[in-house]
Every structure is written in C-alpha cells, then in structure tokens.
4 protein chains.
Amino acid sequence: MIIIMEKNATEKQIKSVCTHLENLGFRINLNHGEVYTVIAALGDKRLIQPQSISSLEGVKEVKIIQEPFKLASRETKEEDTVIEFPNGLKIGGNERPVIMAGPCSVEREIDGLLEVAYAAKEMGAKVLRGGAFKPRTSPYDFQGMEEKGLQYLAEAREKTGLLVVTEVMDTLDLPLVMEYADIIQIGARNMQNFKLLKAVGKCRKPVMLKRGGAASIREFLLAAEHILANGNEQVILCERGVKGFDSTYTRNVLDIAAVPLIKKLSHLPIIVDPSHGTGKRFLIEPMSKAALVAGAHGIMMEVHHDPDRAYSDGAQSLSIPQFREVMTNLNKLIGRIDYANKHLCSI
Amino acid sequence: MIIIMEKNATEKQIKSVCTHLENLGFRINLNHGEVYTVIAALGDKRLIQPQSISSLEGVKEVKIIQEPFKLASRETKEEDTVIEFPNGLKIGGNERPVIMAGPCSVEREIDGLLEVAYAAKEMGAKVLRGGAFKPRTSPYDFQGMEEKGLQYLAEAREKTGLLVVTEVMDTLDLPLVMEYADIIQIGARNMQNFKLLKAVGKCRKPVMLKRGGAASIREFLLAAEHILANGNEQVILCERGVKGFDSTYTRNVLDIAAVPLIKKLSHLPIIVDPSHGTGKRFLIEPMSKAALVAGAHGIMMEVHHDPDRAYSDGAQSLSIPQFREVMTNLNKLIGRIDYANKHLCSI
Amino acid sequence: MIIIMEKNATEKQIKSVCTHLENLGFRINLNHGEVYTVIAALGDKRLIQPQSISSLEGVKEVKIIQEPFKLASRETKEEDTVIEFPNGLKIGGNERPVIMAGPCSVEREIDGLLEVAYAAKEMGAKVLRGGAFKPRTSPYDFQGMEEKGLQYLAEAREKTGLLVVTEVMDTLDLPLVMEYADIIQIGARNMQNFKLLKAVGKCRKPVMLKRGGAASIREFLLAAEHILANGNEQVILCERGVKGFDSTYTRNVLDIAAVPLIKKLSHLPIIVDPSHGTGKRFLIEPMSKAALVAGAHGIMMEVHHDPDRAYSDGAQSLSIPQFREVMTNLNKLIGRIDYANKHLCSI
Amino acid sequence: MIIIMEKNATEKQIKSVCTHLENLGFRINLNHGEVYTVIAALGDKRLIQPQSISSLEGVKEVKIIQEPFKLASRETKEEDTVIEFPNGLKIGGNERPVIMAGPCSVEREIDGLLEVAYAAKEMGAKVLRGGAFKPRTSPYDFQGMEEKGLQYLAEAREKTGLLVVTEVMDTLDLPLVMEYADIIQIGARNMQNFKLLKAVGKCRKPVMLKRGGAASIREFLLAAEHILANGNEQVILCERGVKGFDSTYTRNVLDIAAVPLIKKLSHLPIIVDPSHGTGKRFLIEPMSKAALVAGAHGIMMEVHHDPDRAYSDGAQSLSIPQFREVMTNLNKLIGRIDYANKHLCSI
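Residues numbered from 1 in each chain as written. Chains lettered and ligands numbered in written order. Predicted model: local features only at pLDDT ≥ 70, side-chain atom pairs only at ≥ 80, totals over all residues. Heavy atoms only, no water.

Considerations on the overall build of chain A
Then comes step 1: Check the secondary structure of chain A and you find 11 helices and 14 strands.
Then comes step 2: Its C-alpha atoms put chain A at 75 × 45 × 45 Å along the principal axes.
Then comes step 3: Counting the 347 residues in chain A, one finds 67% classified as buried.
Then comes step 4: Long-range pairs, those at least 24 residues apart, make up 68% of the contacts in chain A with a sequence separation of at least 6.
Then comes step 5: For chain A, the computed accessible surface area is about 11,400 Å², with 48% contributed by carbon and sulfur atoms.
Then comes step 6: Of the side chains in chain A, 44 bear a positive and 43 a negative charge, and the two mean positions are spaced by 3 Å. (Helix = DSSP H or I, 4+ residues; strand = E, 2+ residues; numbered from the N terminus. Buried < 20%, exposed > 50% of the residue type's maximum accessible area, 1.4 Å probe, protein only. Contact = heavy atoms within 4.5 Å. Areas by Shrake-Rupley, 256 points an atom, 1.4 Å probe, with all protein chains shown as cover. Lys, Arg positive; Asp, Glu negative; His and termini not counted. Charge placed at Lys NZ, Arg CZ, Asp CG, Glu CD.)

Have a look at this one:
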C-alpha cells in the first residue's frame, strides 16, 4: 500500500499514520519528496481496506498495489480452475468451450422447452439454460413459473442429458433451486447481493456469476471472492455486457476484452452471453465468434421455440432454425481453435 | 405504443402485428409512409411490455409513449405523497426538508453512535442512519454488527427521539429489521433485488429506496413500482450518485437534476445522499445545498464520531464538529427556502 | 512518481528502471516488499509523462502523485484568478456570479437577437451569448451565419453594453472571431482540439473553455493548461454536462460537484451551463440555483425570442418571459449569497 | 417522424403542429389515443431536424423513424463501399482484411521507423501508420515532428511500397498532410471537429475517421456524413474504444459489436484499433482476432522498434518481435476466414 500525504501534512500526522500501519503489521518505508511525503507500507495485507487508511488525518491518497481479491487471483492459484461435472463435462482451462442454450424463461407448456432442449443437444450444446425465477424491471412483467419451471427443466435434463443452469434470486429460494439445478446462476442484478453470494458460497454446486451491468472487473472478481471465501471454489464467471452511453441499437456494450483480461487476473473460467450483451439476435453469431477467439470458455445464448411469443427477451432470442445455423458456424470455428495454447486460444 | 415496421415488411406481417395488438385490446391506426409503415396502437395498456411486440416478425422498432410505471407516476397521482410518521415528522411535498445523519455502519461500542445521535438531534436532524447489515464489495471488510447494531440504533432512538433508518439486505433478515427500523432502507446494490422489493412492498413501514449505481431514472421508478404494486405506498426515493467515466476524484457523479426531474415524473419524495454521491467529505456541504435548492425533500449524510477509525466510508464521513458546521449552514439555507412554491423551491 | 515492478521483475530490470529515472533527474527510493518492489521517484518532474516509464520492461504500473497540470493548479497559484474586462466586469474569485444569456445561434434578422439582448441587460445579465459558427452533429443542420452573425452580436453589444461571448471552431476563423468577441468560446466538441487551444493561448482575450462531453476533470484542466502554457492566463471553465448511460429524459448529466471540486484543484473561474447540461427548459432554474449555491462563478443559459422557431436547441431555450421569471428568482438567490467566504459560497 | 403531444395539449396546439409539418412537406396522420394524441408525419424528410419540432408548444416528444444520416446509410447505398488505391490495395466489402501497423508517433531518427516498416511489409501489413502531428492531452508531451515526420513516412513508403496513413489535426495543416499521406486520418478527439470534416470532405483522398471516445454509433455515422456530404465518398471508419466506467485495467472499452452493427447500418468499411482500444499490449492479439471474426475490414495496431523508449503509447505498442508473432497468428486466422459470405465473415 502506498500512502501519499497531503502537501502540508505535519510531522505528527505522518508519524501517526506510520504507527497506525505498523500496528496493522506493515513494514514502513518513508519517502520524503520535494512536495509530498510518500509512505510505502510493505507486507501482504490485502485484507486491510485502503479506506480505513485514507480517512486518517493528513492523508491525501492511498494507492493499492495488490488486488483486493485473493482466492480469485491467479497470483494465489496459478493453474486454471476446471469445473468437472458428474457426467464428465469440463468447463475452464484448455477444455473445449461449452455452449449453454435455452429460453430466457421457462414458459407455459413443457413442449417448447423440450423442443429447444433437443435442438441444443443435437447441435452440441452441453447445458440447458432457462429461468424459473425471473428478475424483471417492471412488476407487471412475467415473473417466472417458479417450481413448475424447475420441474420442466429437470424433465428436459432427463430426456436429453443436458445439464441445467438456472437463476436463484433470493436466499429463501436457494434450497429449492439446489434440488433442480446443476449450475446455480447469480444474475447480473444480484452480483452484489452479498447475502446471496454468501449463501451460494456455502453450497457444493457450481455457481455461474454474471457480471453486473455497471460492475468493474475488480468488483466482479470481488463478488466471486465472496463465493470462494465461503468455501465454494466452483465459480464460472459470465460477461454479459455493461451499460454504456449509447443504447440506441444495443442494450449493452459487450466487453470482449474482459475475457483475456480476466484470464490474466484470475484462474476462474469465463464465459460470454452475447444475447444479453447486445440485445440483438443478429449480433449473437459474430459476438459469439469474437468471444471464442478471444479465449472464452463458453457461450450462453438464448433460444426460443417461438421468439415472437416469448414472455421475455424475444428480440434477442434465436429461433430454433437460426440457432442451428449459428451452431453450425460456431462448431466449425471451435473445431479449429487450439486451446492447448496457454491463456490465449490460437486458431 | 408506436410500432415501426421494417422497410421490407410484408402486408402479411403488418396484418399479423395489427391483429396481435387488437387481441391485446389496442385500437389500431395504420400510417403508411413512403419508406416505413407505422402502426399506432392506441389505448392505456402500459402493462403490456414492448419487448413482446418487438420480437414479432417484420417489426423494426417499438416506441413506448406512456411510461411503464403507473403507481409511481404523477399522471396517476397528481398530489405529492407526504409520508407521516407517528411522531409527527413529515417527509415529502412542501414539508421542510428532513436531514438524516449518522455513521455508515454501527460499530463496536454504543457510545460513538450516541455521541453522533445527540449531535444530530441538537443540530436539527430528524432521522438517525446507521448500517447494521453492511453490503461490502470485499468479503474481508467489516460486514456489520447485525442484531446488536439494530439494538444500538433502537437505544439511540429511545434516548434522542430520532427516527431510525437502516438497511435490509435480504428477505430473511426483514422480520428482524422490521422490529427496529422506522424506515427500511434498500441499498443501491439491491435496487433490483426484486424479491426484496416485493417483500418490503408487503410491509407497512416506509421504505427508502436508493438509486442503483447504474440505474436509469426509469429503472429507478420501476423499482419503486415493485414496492407500490405490492401494497406499500410509503416509498422515499434517494439519489446517491451514479457511475461515471471519471472516478479520479469522486466516487460517483451525483445527479442533482434527478431531483427536479423525478418531482416532475413522480409524486414520491426524493432525498439526496451527498456522502455516497461524491465520496468526499468536503463536497457534502456544497452538494447538500445544491440538492436542497434543486428541490430535494431531504439530505442523508454520514457522520462519525471518529472518522479516522471508521470501519467503513471514513473518507466521506463528517466528524461531529464538521457536521455541526455544515448543519449550521444548511439550516440557514433551509430557513430561507419557500417550499410552498409547487414542485420547485424558491429562495 | 511511484513505480510498481512486476512480481517477477529481475534485479536487472529494477536497476535499469532506477537508472532511467535518475537520468531524468529523480531521486530514487527503493522499497522491497514481500511480493512487489516499489520504486519511489522523488522530485517535481510533472512534465515527464508516466507512459514513458510504464513501458519499461518489468514495470507493472506507474502511479502519479502530482497532478499533470501545473499552471492551472491551485498548488502553483493559490489565489483565485479573477478576469477583469475593460468595462469593469469581473469574473471569478469572490465576485458576484455573472449571467451569460442569449440564443444558441444567431439567426435570420437581428431583431430577435436584440430583443433577447435588451431583456438580458434589463434582468442583470452581463454577457450576451450567441453562436455565429455552429458545430452541428448533422451536416444538414443550420451551420451558423458566420461573419454576419458576428456583426449582429457586435451591434447588440453596442446597443446594450453587454459583452459578447461566441464560439470559434477552427484556427482559420480565429482572426475574424477575435475582431468581434469579448470572450472566445471553445466548444465542448473542441475541448481537445489542441491546435485551436494553442492558437487561443496565443491570443490576448479571455477564453471560455467548455468541458468535453466525456472529458474527465483532469483532461479538462489539462486542456486549460494548453491555453495557459501558450501564454493566455484568462481562462474561464464551463461545466456543461457529461455523457451518462441514461439520456431518456436529459441530454447529459450535469456534474454540479465539478464546481467545488475544480475550485479546490484550480484557481480558474468555473461557470455552469444548465441548458446544454440538461437539454430541458424546466431544469434550467433549479440547476442554475444548484450551481450557484455550489459555488459557480456564473451561469450560461440559452434564451430565444421565439424558441418554437429556433434553428437549434429550441427545447432547451427559455422564452423571454420565462427568462425574466428565472432571472427574478436567481437574482433573489444571488443577492443572498455571501461570496466573501473562501471557496464555498454560504447563503 | 412521430410527434407525441402533451396529455393536456390543446386542439389549437395540435393543429398548429400539423400545419407546421405540412408546410415542411409531410403528410399528416392523426392518432387520438385515450391519453395522448400522436401525430405521424410521413415522408422522407430526414434532413429536417427533430429538435425544431420538439420545441413547438404542446409537443411532449419527437421520435425519429429514419436515421438522420443518409449518404452513409446502407438504405441509400446497398452495396459495400470498397476503397481502391493506385497500387491495387482494396479496403472494404469482401476484400481480405488489411493490416495497418506502425509507431504511435514518428520520432527522432528515421531508422526506427524504417525498421518497423520493413517488418510490417514482411509480415503482410499493407499500410504504415505514424503520427507527425500528435494530439496530446498534456501540453508538455511530445507534440510530433510535423513536416519532418511526414518526410520520414514518405521515405518509408518509397522504400517498402506500404501506403501511409497519418493524422491531420487542423485545417491549416491539411495541404501539407495531403502531400504526403495516402490515407488522411481524423483522430478520435477531432471526430466532431466539423470544419476539419468539411475540409477533408473536399479532398480527393481516402479518409480514416476514428470514433470519438464518447461518440454514439449515430454520431459516428453523422460525422462520416459530414465528409460524404462534402463530396468525398472514400471514408474508412475506425472503432478504437469508448470511455467506460472502469479504466483500472484498460484505457477504453473496445466495442467489437460496433463492427457487425455498423456493417448493417452502413456500407462504409470499418476497421478496429485494439492498441488504443485497450491500451494494453497483451490484449492486441486476442482483440484483433475478435474484431476480424466479427467482420472487421482491417486492424490498425501500434508497433515500435523500441517501445521502452517511445515518446508516446509505449505500453500499448508491440515490439517488432511481438508484432511478428501476432501477425503470424493473425495471418493464419485471416487465411481461414471466408469473406465471400455477405456481411458476416464465416470461418
């Protein structure tokens, strides 16, 4: 930690900050500049928050050197985390990227869901997505089928062998979702719902954590840290677009650079959701390709058997024929990527 | 609702969209332009979501005319909502703006909290703030004293007569918080925790809803709508800064214009939190003044008996002497504002 | 300057960076941490750019301690810059805030401009604004009356005694604008047109520099530094809103906190433009008040004799009767502000 | 154009708006809703700006249907614009993507530039980039070698056969730059320097227009429209990252989705600059790949013979050996892309 003292900081203030830091276990190195005095606090104390120092009298600024996340950091764990499922599927590291596909929300009858699930299976997807509990901006929108939806997903899993990823929105619903899901999804709006992060951190199932719409990379990895610190090491990150100043054509700005960046900072798998990331059907294919060559460990996309009648996100869902076409192209691309190359795929 | 069809939309597609809209209860008005066909769907059907239309075949774009929030809208309720507490305090409308003050989090011993509470009382604040459950970006930061913290707040209330506002982070904790709080706070990170919104919507206590760090005004009012739609009409909005592209000097961009804007769109009271909104102690006074003359119904600010030793947000907390000075100036300003002037304060 | 070396930086790399810094005139202080080696480079060398260091081998990160602007900095010049005009008007410091008013662009006949100018004069404004050269997002929009417009402004000045502020868009037009303007305006879109900044830096007339729509405070002050470094000390800064993620209701987010912040960092006067800052007529009054109590040295607002027929920005322009009403209220507020109080107005 | 009238708009106001629109040549279709009256103004009048309507009395909101750019629009010109150079190089459409490489700025002696140019040539790049006039945030940074730099570029062109792209910052320098450049670059900070856009619009050389750091896609295409409307049809667009709320690790957010989006909206070629787009050397390869599979017509990247000693942007420049490695991988990828597939590359 580097502490820059105010120009007019007194000797007493400087001394007081040093003592405070030494009491916290830091070794101190004082640098008297012409204008500013700079205190270098040495030692791996990343668990001390800089804010507690920055409010000390005479302190101008505190600059952290080490990332505030530890368990999520590649410095702590060099090798990639690869999540392995009972059916043999692996996500992360140098494994073949996984495709997760399915409707935004599970709706009405099970037939539509099954139709999507069979197509997903046939085209090489490994995970079926579908919301049973739906976070909706408006209280008047469809809020999800809840347990009935979970049962449909389970039935689709049984029939196709696909794994199921589905969102939990509240700690109260967690036991129920745990019964049905293979991967528990934390949605973007709940990325900093710390009670929920803690709760899934105590579970023994993989968690897919979506990046919040205005979350920095650091906040994203700190949210993962909440899960890891509670004992669950099986975290899959998901980039799904961040808010930008221009939403005329796309819902969000899909931050593809987050993929290679996070692979440098962390050992956790990172996948990309181009459906929410752009909000436009025609952008799913090019952005999936972009994510894959940038090194993503997987793609999550929305597919609906009848997008015109979808209760949610129809405009960003592929129809089944469109999905087949996109998958044909993605499979061709995936087949050519050499994932053995460390951290960066090469083609 | 205005539906703009694709340039090359077929007659069949146009017809199909019209039929769909008529089935939903709209009256249809067709406008054949030289390039685009535009369908005006007339009728107050704000509860139908535009996305379900935008995914129909041949639709280029759907433009909404009415705001998607209804109960929160000034069109639905012309007169200002004024929240009245058992002790006679009123928040909203043309009432004198209320000051809420207190530490970011309740910490250690009760003495510090009491010291702040007595100063708050003395300087004219009406509500004591303090976090017992703390949402923290890092899992290694202080997470709050939980029930013990609530007890301290209750004791401070008993001793000073101040009301208590404190945050609830999870539906599971709601019954506990309900026992102690006069105003239940929903934090910025939980603004779209819809399960929690629904839960507080079923309570019979005033709720203070903080704007999410990247929430648009519309999303903010829709979050309030979740509470209103579940039966709780006592919602106080709180602007606390939004993420900007520049966090070199300030944590957030405090959106003062949101105050007069929300007063135009909604009847709900709106207060401003300059502590979180800027992250800097020296900006609390000027930004409080700015918020008040722009029409805010109140100010929430962080005060700590010993900011240098605060577990959280020390750098943006006022010390008690600083708080006294700021309050002296704010009281002078408040005394001169004429709040009888509808929607806009005049001075 | 603080240089943090990579975890695995070699002794040779560390040595090489130190030598490089010593050659640049820095004194070096080495801090060997458990994980990272941190080099403190001491000495006031703000003119060396950190990027030239950050690309050295083994360097993880460079953190600057001193602001990169010097002449614009309050550290360099403690006392406020007050700009004094030949007619006695003063802008900045503890002077009464100045109102600048006028149409977005000078249009058609001179009568409308004169009507606005007389009203401005009568209500206490001191500066007439009006664009003769107009930066327009679309090439099909009205591009300004150019010299004819400047002549109209000069005529209005002669008749009313108001000073004239008008925008220059290009170095080629500068000599012409210099002939007519009392204050040369650099528009937001040209805030980083460095050739133009250099050119006005060589002029002997006050310059009003508008903040770019996505300019950080540091970039804003560095743009001012370009003017100061070329010899022109008479720079007035103007906050006019920055791009946010929500433009549903307002064109920009007006960053009121920039006012007290810039007053802390710099000695230059700072005014606020709520017309461009919000894009909405009804927000001009509350945001002007907010800016004034936050310490702004002035307000610039758009007034048009017939906003319904304005060639540009009609929706954010006040009509003359509206302007009179707003000014009545602002004058009342200004009359009560005590500007003698250093850096922060009190009321 | 769709005009939504205020809830309480009078019959007279509605009539007045209709008459106004009819006078402008629109056909009018009135839609009386239960709450709002909506006027559909039919006719291809994209050159009328909506703002002139939105300020009419009683108007709540104006929604445009057609994009405000015309010449840049794919609706106006269906087929891709392919720019052909005297040496046979083609940029755009289904042509092989072009690589532009070179140092950020031309510096000191010519030898370094030549070294880069020979490597660029050898690895398959077709265009040499290099700044002779440098826009610099700080006035104390290296401002470029000006004409000397242009001469160096010309010499490098002569020796290698590469074309030269270089930035012009001011209309005054345009004649000089015209003498030396094959492609005239307009930098991001000048994207809305309309005088400069107009001036290059009157030139007969291809222009590469970089997207402004906070420019929406619509503003970007409108800036291109300024060039096209002045007679120059040879415009190459360049996405180079936009400002985001998180600049901890990357300078900008590289908006890869802008590539397929712009290819849908416009016929102009679009290339990507991952050096400025991310600011990090290690992100150049993955983001170049991402851009290419998303359909970019080319990549512009920074290469320096000695990045540790670069006057600017060293941290985001590749060294020559790094460049060779990146190019080897990109060439492999490019060789596998099938660009015959309309609008979307397939692999």
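Some points on the relation of the copies chain A and chain B
Then comes step 1: Relative to chain B, chain A is turned by 180 degrees and slid 0.0 Å along the rotation axis, the superposed coordinates differing by an RMSD of 0.0 Å. Taken together, the turn and the small shift mark the pair as related by a two-fold rotation axis. Residue Ala214(A) of chain A places its C-alpha closer to the rotation axis than any other residue of that unit, at 2.9 Å.
Then comes step 2: Most of the interface of chain A is mirrored in chain B, where 98% of its interface residues are also at the interface. (Least-squares fit on C-alpha atoms with pLDDT ≥ 70 in both.)

A look at the sheet that holds strand 3 (residues 37–42) of chain C
As a general point, the strands of a sheet are linked pairwise by backbone hydrogen bonds and lie either parallel or antiparallel.
Residue and element names in this part refer to chain C.
Then comes step 1: Pairing is antiparallel across the open sheet formed by 4 strands, whose spatial order is 2-3-1-4. Only two strands of the sheet have a single partner each, and these edge strands are strand 2 (27–32) and strand 4 (59–63). Recorded for the sheet is a direction-independent mean angle of 20 degrees between the axes of neighbouring strands.
Then comes step 2: Bridge count between strand 1 (residues 2–5) and strand 4: 4 bridges; the pairing is antiparallel. Across the sheet, Met5 pairs through a bridge with Val59, a residue of strand 4. (Pairing = 2+ DSSP bridges. Axes fitted to C-alpha atoms, helices over the stretch in contact; angles between N-to-C directions.)

Focus: the relation of the copies chain B and chain D
Note that the two copies of the chain are related through a rotation about an axis and a translation along the same axis.
Then comes step 1: Of the transformation superimposing chain B on chain D, the axial component is 0.0 Å and the angular component is 180 degrees, with the fit at an RMSD of 0.0 Å.
Then comes step 2: When the interface residues of chain B are mapped onto chain D, 100% of them again lie at the interface, so the same face is used by both copies.

Let's talk about the interface of chain A and chain B
Where the parts come together, the accessible area they lose is often given as the size of the interface.
Then comes step 1: Across the contact, 51 residues belong to chain A and 50 residues belong to chain B.
Then comes step 2: At the boundary of chain A with chain B, total buried surface from both sides reaches about 4,100 Å², with 49% on carbon and sulfur atoms.
Then comes step 3: When the buried area of chain A at its contact with chain B is split by residue, Tyr140(A), Lys195(A) and Asp308(A) rank highest and sum to 17% of it.
Then comes step 4: Of the charged contacts in the structure, one is a salt bridge between Asp173(B) and Lys195(A), with a shortest N-O distance of 3.0 Å. (Buried area = accessible area lost by both parts, 1.4 Å probe. Salt bridge = Lys/Arg side-chain N within 4 Å of Asp/Glu carboxyl O.)

A closer look at helix 6 (residues 194–201) of chain C
Then comes step 1: By the criterion of burial, helix 6 of chain C is predominantly enclosed, with 7 of the 8 residues buried.
Then comes step 2: Along its buried surface, helix 6 of chain C packs onto helix 5 (174–180), strand 10 (183–186), strand 11 (207–210) and helix 7 (217–229) of chain C.

Structural notes on the sheet that holds strand 3 (residues 37–42) of chain A
All names here are of chain A.
Then comes step 1: Judged by pairing direction, the sheet is antiparallel, and its 4 strands sit side by side in the order 2-3-1-4 without closing on themselves. Each of the sheet's edge strands pairs with one partner strand only, and the pair in question is strand 2 (27–32) and strand 4 (59–63). Averaged over all neighbouring strand pairs, the angle between strand axes comes to 20 degrees, with direction disregarded.

Brief notes about the interface of chain B and chain D
Then comes step 1: With 26 residues of chain B at the contact, the number on the chain D side is 26 residues.
Then comes step 2: Between chain B and chain D lies a buried interface of about 2,300 Å² when both sides are counted; carbon and sulfur atoms form 52% of it.
Then comes step 3: Seen at the junction of chain B and chain D, the total is 0 salt bridges.
Then comes step 4: Counting every contact that joins chain B to chain D gives 8 residue pairs in polar contact (both at pLDDT 80 or more).
Then comes step 5: Contributions of two or more residues to the side of chain B that touches chain D are made by strand 1 (2–5), strand 2 (27–32), strand 3 (37–42) and strand 4 (59–63) of chain B.
Then comes step 6: Here the side of chain B that touches chain D takes 5 residues from strand 2 of chain B, the largest share from any one element.
Then comes step 7: Residues of the side of chain B that touches chain D, tallied by class, amount to 11 nonpolar, 7 polar and 8 charged. (Polar contact = N/O pair within 3.5 Å; in protein donor to acceptor, adjacent residues only side chain to side chain. Nonpolar A, V, L, I, M, F, W, Y, C, P; charged D, E, K, R; others polar.)

Section: the environment of Arg136(B)
All names here are of chain B.
Then comes step 1: By the element assignment, Arg136 lies in the loop between strand 8 (127–129) and helix 4 (147–160).
Then comes step 2: Residue Arg136 is classed as buried on the basis of its relative accessible area of 6%.
Then comes step 3: Between the C-alpha atoms of Arg136 and Arg189, which are 53 residues apart in sequence, the distance is 9.9 Å.

What to know about the pairing of strand 14 (residues 298–302) of chain C
All names here are of chain C.
Then comes step 1: With 5 of its 5 residues buried, strand 14 lies for the most part within the structure.
Then comes step 2: Of the two faces of strand 14, the one carrying Gly298, Met300 and Glu302 and the one carrying Ile299 and Met301 are both buried.
Then comes step 3: Pairing geometry for strand 7 (residues 98–102) and strand 14, over 5 bridges, is parallel. Pairing of Val98 across the sheet is with Gly298, part of strand 14.

Here we look at the pattern of salt bridges
Then comes step 1: Overall, the coordinates contain 58 salt bridges over all chains when judged by the stated rule.
Then comes step 2: When the shortest N-O distance is used, the salt bridge between Lys243(A) and Glu219(B) registers 2.6 Å. Taken as a pair, Lys243(A) in the loop between strand 12 (235–239) and helix 8 (258–265) and Glu219(B) in helix 7 (residues 217–229) lie in two separate chains rather than in one.
Then comes step 3: Owing to a relative accessible area of 23%, Lys243(A) belongs among the partly exposed residues under this scheme.
Then comes step 4: The residue Glu67(C) makes a salt bridge to Arg218(C) at a minimum N-O spacing of 2.9 Å. Linking Glu67(C) in the loop between strand 4 and strand 5 (83–84) with Arg218(C) in helix 7, this pair joins segments that are 151 residues apart in sequence.
Then comes step 5: Given a relative accessible area of 24%, Arg218(C) falls into the partly exposed group.
Then comes step 6: In this structure, a network of salt bridges that share partners links the residues Lys60(A), Glu61(A) and Lys63(A).

Digging into the packing of helix 7 (residues 217–229) of chain D against helix 8 (residues 258–265) of chain D
Residue and element names in this part refer to chain D.
Then comes step 1: Two elements in contact, helix 7 and helix 8, have axes whose closest approach is 12 Å; the angle formed by their N-to-C orientations is 55 degrees. Relative to helix 8, the element helix 7 lies oblique. Regarding helix 7 and helix 8, the two cross each other, and that crossing is right-handed. Here Ile217, Phe220 and Leu221 of helix 7 come into contact with helix 8, specifically with Ala258, Leu261, Ile262 and Leu265.
Then comes step 2: Per-class residue counts for the contact of helix 7 with helix 8 are 7 nonpolar, no polar and no charged. (Parallel < 35°, antiparallel > 145°, perpendicular 65-115°, else oblique. Left-handed = near helix turned anticlockwise from the far one by under 90°.)

Some thoughts on the confidence of the model for chain A
Residue and element names in this part refer to chain A.
Then comes step 1: Confidence along chain A averages 90 in pLDDT terms, with 95% of residues attaining 70 or more.
Then comes step 2: Scored below 50 in pLDDT, residues 342–347 makes 28 contacts in the model with residues more than four places away or belonging to other chains.
Then comes step 3: Here the predicted complex scores 0.91 on pTM and 0.91 on ipTM. (pLDDT = per-residue confidence, 0-100.)

Details of a positive patch on the surface
Then comes step 1: A cluster of like positive charges, contributed by Lys332(A), Arg336(A), Lys332(D) and Arg336(D), occupies part of the molecular surface.
Then comes step 2: Secondary-structure elements contributing two or more residues to the positive patch are helix 11 (320–336) of chain A together with helix 11 (320–336) of chain D.
Then comes step 3: Among the secondary structure elements, Lys332(A) is positioned in helix 11. (Patch = residues over 30% accessible without salt bridge, like charges linked within 9 Å, V, L, I, M, F, W, Y side chains within 5 Å.)

What about the packing of aromatic side chains?
Then comes step 1: On inspection of all chains with the given rule, the structure shows 0 aromatic pairs over all chains.
Then comes step 2: It is Lys264(A) that lies over the ring of Phe282(D); its NZ or CZ is 4.6 Å from the centre. (Phe/Tyr/Trp six-rings, centres within 6.5 Å; stacked < 30°, edge-to-face > 60°. Lys NZ or Arg CZ within 6 Å of the ring centre and 35° of its normal.)

Focus: the side chain of Arg74(A)
Residue and element names in this part refer to chain A.
Then comes step 1: If you trace the backbone, Arg74 turns up in the loop between strand 4 and strand 5 (83–84).
Then comes step 2: With relative accessibility at 7%, the residue Arg74 sits in the buried group.
Then comes step 3: There is a polar contact of 2.7 Å between the side chain of Arg74 and the backbone oxygen of Glu78.

Some words on the environment of Pro260(B)
Then comes step 1: Structurally, Pro260(B) is set in helix 8 (residues 258–265).
Then comes step 2: On a C-alpha basis, the gap between Pro260(B) and Ser275(B) in space is 20 Å, while along the polypeptide they are 15 residues apart.

Here's the deal with helix 1 (residues 11–23) of chain B
Residues and elements named next belong to chain B.
Then comes step 1: Taking 1.5 Å per residue, 13 residues should reach 18 Å; helix 1 reaches 18 Å between its end C-alpha atoms and fits that length.
Then comes step 2: For helix 1, the full list of buried residues reads Ile14, Val17, Cys18 and Leu21. Buried residues of helix 1 fall within an arc of 100 degrees about the axis and therefore sit on the same side. Residues of helix 1 that are exposed and angled more than 90 degrees away from the buried face: Lys12, Lys15 and Asn23. (Expected span 1.5 Å × (residues − 1). Arc of directions from axis to C-beta.)

Considerations on unusual backbone geometry
A negative phi angle is the norm for most residues apart from glycine, just as the trans form is the norm for most peptide bonds.
Residue and element names in this part refer to chain A.
Then comes step 1: Notably, Glu146 is not glycine yet its phi reads approximately 55 degrees, a positive angle.
Then comes step 2: Looking at the secondary structure, you find Glu146 in the loop between strand 8 (127–129) and helix 4 (147–160).
Then comes step 3: Glu146 sits in the partly exposed class, given a relative accessible area of 31%.

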